[in-house]
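Descriptive structure summary
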Amino acid sequence: MTESTVAGMAGMKAEEKEIKLPEQITGGEALLRCLIEEGVDTVFGYPGGAIMPIYDKLLNFSGSIRHILTRHEQGAAHAAQGYAMVTGKPGVCFATSGPGATNLITGIANAYLDSVPVVFITAQVVSNLIGTDAFQETDIIGISMPVTKWNCQVKRPEDIPSTIARAFYIATTGRPGPVLIDITKDAQAGKLNFSYSKCTYIRSYNPYKPLRMKEIESAAILINHAEKPLILAGHGVLIAKAEKELLEFAEKTGIPVALTLMGLSAFPTGHRLYAGFLGMHGNVGPNKLTNEADVIIAIGMRFDDRVTGNLKKYAGNARIIHIEIDEAEINKNVNVDIEINNDAREVLQKLIPLVNPASHERWIREFRICDKAEYDTVIKPEIKPVSGPVKMGEVVNMVSELTNGDAVIVTDVGQNQMSAARYYRFINPGSLVTSGGMGTMGFGLPAAVGAKTGAPGKQVVAFLGDGGLQMTIQELGTILHFNIAVKIVLLNNFFLGMVRQWQDMFFEKRYASTELVNPDFIKIAEGYHIPGKRVSAREDLKDALKEMLECPGPYLLEVLVEKEGTVLPMVEPGASVSDVKLIK
């Protein structure tokens with residue numbers, strides 16, 4: 001071998017070695033590449049000083065990542081949640097340091113209580129200024145700790161890929177929820193040799209436990225001997241994508257299915273085994289008959305106080321089977337007889353072969369009797385009134401008929417939310433986006449932005465109240481900017497309706513600070529180049545709704561509804577679910 005050949009081979013090896021070296025990029029670019037590796041194509045956010053290195057690199061990724069610039073960081077947080085709820089993918093949200101980060105907190109808490117996976121990326125001042133009360137420095141790690149599944153601060157660019165990988169793994173596994181990564185400005189600007197590997201294991205984190213067939217077999221025995229069994233299904237069914245299994249389980253066993261607010265759409269509302277909507281303003285049947293059931297199968301729900309009413313008077317006749325992925329929720333509020341701490345879909349797949357085909361017609365007839373009483377006393381006067389002002393339930397019912405139950409429904413919080421939950425007939429899983437655990441007014445409009453962004457081919461209808469709309473009304477600017485075709489139904493009663501209802505029922509009609517003096521919402525919409533209309537007459541409602549739904553872009557329909565309407569039935573605070581009231 002000649003000297004020149006040896007030299008040439010050495011040069012080739014050096015060249016090969018150079019090609020294999022990891023690429024040096026900034027931390028900001030590394031973050032964006034990490035997001036692409038995780039399948040992220042949409043980010044909601046608002047820029048600022050500390051996060052500028054990330055936003056600068058974002059321009060280079062405009063073909064891969066769409067950034068939705070909201071008009072407030074809270075709007076970005078709610079939009080990311082709406083996106084996550086309709087897509088089943090984790091939402092992603094950016095905000096800068098200080099007030100940018102703190103403005104996310106309500107949205108983070110909302111996602112936390114409703115178990116929605118959102119990855120929040122906040123910026124922080126440069127590392128050497130941390131702890132000096134520098135301009136726009138805030139301890140977002142300390143502030144967000146109680147309302148995140150996990151959070152972490154990154155001070156070195158080389159730590160960004162592994163931290164982002166862990167964040168997505170934690171947010172989406174087990175009981176999902178929000179995570180927050182706080183990245184210092186120098187970490188965003190510094191260089192690293194980039195490589196990325198998805199996280200599939202964390203030693204101290206065990207999101208899934210092995211199935212224990214003994215408990216599942218015990219549950220099957222209890223179910224097979226039940227005379228008055230009742231399924232209570234929650235958001236966990238939707239998270240686990242167990243809707244098909246729930247339907248199969250219910251049809252095989254003949255057991256009626258009641259849904260929590262967050263569980264709505266997990267079971268077809270038109271099905272003969274649908275028992276109704278649980279909770280304070282839910283249907284009479286599932287509330288009242290919970291205390292007559294002899295076996296309750298709770299699936300992916302946490303026995304929230306709005307579902308149970310007075311715990312001392314709740315389900316006293318029932319043996320309770322709790323299928324729940326979060327061990328902390330089992331025996332937290334209600335003591336149960338059989339604990340199954342696993343994913344709802346996996347459990348149902350194992351349980352279905354073990355249960356006997358059955359029919360509980362006599363038991364189901366009791367629900368139908370309750371349904372008839374509720375329909376005559378509450379539902380018919382609400383959805384088919386013959387005179388008087390337009391009612392909220394009437395509007396929701398008409399939208400349900402016009403969309404054939406096929407729309408994605410987004411709500412704010414209050415009477416508009418309960419009316420939507422009661423009177424929209426959901427046929428598709430994951431078609432309700434609402435704020436359950438937090439009950440966040442202002443959630444509806446930005447969440448609708450996220451929902452429509454995530455489901456551009458679906459009709460997205462947002463039911464909002466005049467109070468909630470004004471909390472995040474600036475997101476009309478986001479709708480204008482990105483031409484997001486959200487249909488907004490503003491149910492305007494010139495009150496903070498649910499608070500007024502409680503003042504009416506429990507505070508002798510002393511309406512303290514609940515009546516609103518409202519602006520001209522249609523003119524405001526026009527200012528954002530969003531077409532709109534106001535209706536108050538019943539005979540104009542159907543045509544106005546059709547016009548809204550047929551509009552190719554966004555639309556705001558303001559419906560002037562009954563000023564002092566009451567959402568019924570109602571389980572009053574401190575009462576037993578058996579004492580659900582049909583009249584005030």
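Look a little higher up for the structure.
Residues numbered from 1 in each chain as written. Predicted model: local features only at pLDDT ≥ 70, side-chain atom pairs only at ≥ 80, totals over all residues. Heavy atoms only, no water.

Looking at the overall build of the protein chain
What counts here: A run of DSSP states H or I qualifies as a helix once it reaches four residues; a run of E qualifies as a strand once it reaches two. Both are numbered from the N-terminal end. Our radius of gyration looks at C-alpha atoms and nothing else; its globule reference is 2.2 Å times the residue count to the power 0.38. With a 1.4 Å probe rolled over the protein chains alone, any residue whose accessible area is under 20% of its type maximum counts as buried; one over 50% counts as exposed, and the rest are partly exposed. Should any heavy atoms of two residues lie within 4.5 Å, those residues are considered in contact. Per-residue and other accessible areas follow the Shrake-Rupley method at a 1.4 Å probe size, with only the shown protein chains counted as cover for residues. For this count, His and the chain ends are skipped, Lys and Arg are scored as positive, and Asp and Glu as negative. Working definition for charges: the position is that of NZ of Lys, CZ of Arg, CG of Asp or CD of Glu.
Check the secondary structure of the protein chain and you find 24 helices and 20 strands. Scaling as 2.2 N^0.38, a compact globule of 584 residues should have a C-alpha radius of gyration of about 25 Å, and the protein chain matches this with 26 Å. Reported as C-alpha extents along the three principal axes, the dimensions of the protein chain are approximately 100 × 65 × 45 Å. Residue burial in the protein chain is summarised as follows: out of 584 residues, 57% are buried. Excluding contacts between residues fewer than 6 apart, the proportion of contacts in the protein chain whose partners are at least 24 apart in sequence is 76%. On the protein chain, roughly 24,200 Å² of surface is accessible, and the fraction owed to carbon and sulfur atoms is 52%. Treating the 58 positive side-chain charges of the protein chain as one cloud and the 65 negative ones as another, the clouds have centres 3 Å apart.

A short note on the environment of I121
Checked against the element boundaries, I121 lands in strand 5 (residues 118–124). Considered as a pair, I121 and N331 are 210 residues apart in the sequence and their alpha carbons are 34 Å apart. Ignoring anything within four residues of it in the chain, the contact list for I121 reads L31, I51, I54, C93, F94, A95, I164, I181 and I183.

Things to note about the pattern of salt bridges
Threshold: The term salt bridge refers to a pairing of a side-chain nitrogen on Lys or Arg with a carboxyl oxygen on Asp or Glu at a separation within 4 Å.
Inspection of the entire model under this criterion finds 28 salt bridges. The closest approach of N and O atoms between R175 and D326, which form a salt bridge, is 2.8 Å. Residue R175 is found in the loop between helix 8 (160–172) and strand 7 (179–184), and its partner D326 is found in the loop between strand 13 (319–323) and strand 14 (338–340); the two are separated by 151 residues along the sequence. Linking E361 and R272 is a salt bridge whose minimum nitrogen-to-oxygen distance equals 3.9 Å. Residue E361 is found in helix 16 (residues 361–383), and its partner R272 is found in the loop between strand 10 (257–259) and strand 11 (274–277); the two are separated by 89 residues along the sequence.

Considering the pairing of strand 3 (residues 66–69)
The following threshold applies: Here a strand pair is declared whenever DSSP counts at least two bridges between the two strands. A clockwise path from the first strand over the helix to the second, with the strands pointing away from the viewer, defines a right-handed crossover.
In the sheet, strand 2 (residues 42–45) pairs with strand 3 via four bridges, with the strands oriented parallel. The residue of strand 3 that forms the bridge with V43 is H67. Handedness of the β-α-β unit built from strand 2, helix 3 (residues 52–58) and strand 3 comes out right-handed.

Regarding a nonpolar patch on the surface
Note the following rule: Candidates for patches are residues over 30% relative accessible area with no salt bridge; among them, like charges are joined within 9 Å and nonpolar side chains (Val, Leu, Ile, Met, Phe, Trp, Tyr) within 5 Å.
Among the surface-exposed residues, Y112, L113 and M438 lie close enough to one another that they form a single nonpolar patch of about 230 Å² accessible area. In this structure, L113 sits in helix 6 (residues 105–113).

Some remarks on helix 16
Applicable threshold: Every helix has an expected span of 1.5 Å times one less than the residues it contains. The quantity called bend is, for any residue, the angle between two axes fitted respectively to the seven residues ending at it and the seven beginning at it.
Between its first and last C-alpha atoms helix 16 spans 28 Å; for 23 residues at 1.5 Å apiece the expected length is 33 Å, and the helix comes up short by more than 12%. The axis of helix 16 is deflected most strongly, by about 55 degrees, at Y375. Turning to helix 16, its buried residues are W363, I364, F367, C370, E374, V378, I379, E382 and I383. Residues of helix 16 that are buried in the fold lie against strand 9 (229–233), strand 11, helix 13 (284–290), helix 17 (392–403) and helix 18 (415–423).

As for helix 17
Compared with the 16 Å implied by 1.5 Å per residue over 12 residues, the 17 Å span of helix 17 between its first and last C-alpha is a close match. The buried fraction of helix 17 amounts to 10 of the 12 residues, a majority that puts the element mostly inside the structure. Along helix 17, the residues that are buried comprise M392, G393, E394, V395, V396, N397, M398, V399, S400 and T403. The secondary structure elements touched by the buried residues of helix 17 are helix 16, helix 18, strand 17 (460–465), strand 18 (487–492), helix 24 (538–550) and strand 20 (555–560). Two residues or fewer past helix 17, N404 is found with a positive phi of approximately 55 degrees.

Brief notes about the packing of aromatic side chains
This is how it is decided: When the centres of two rings from Phe, Tyr and Trp lie within 6.5 Å, Trp using its six-membered ring, the rings pair. Their planes under 30 degrees apart give stacked, over 60 give edge-to-face, and anything left gives tilted.
Per the stated rule, a full pass over the model turns up eight aromatic pairs. Centroid distance F44 to Y83: 5.8 Å. Interplanar angle 65 degrees. Geometry classified as edge-to-face. A residue pair is termed long-range when its members are at least 10 positions apart, and F44 in strand 2 and Y83 in helix 4 (residues 73–87) qualify at 39 residues. For Y83, a relative accessible area of 5% translates into the label buried. Pairing F303 with Y314 gives two aromatic rings, centres 6.1 Å apart and planes at 75 degrees, and the pair type is edge-to-face. Here F303, found in the loop between strand 12 (295–299) and helix 14 (305–308), pairs with Y314, found in the loop between helix 14 and strand 13; they are 11 residues apart in sequence, far enough to count as distant.

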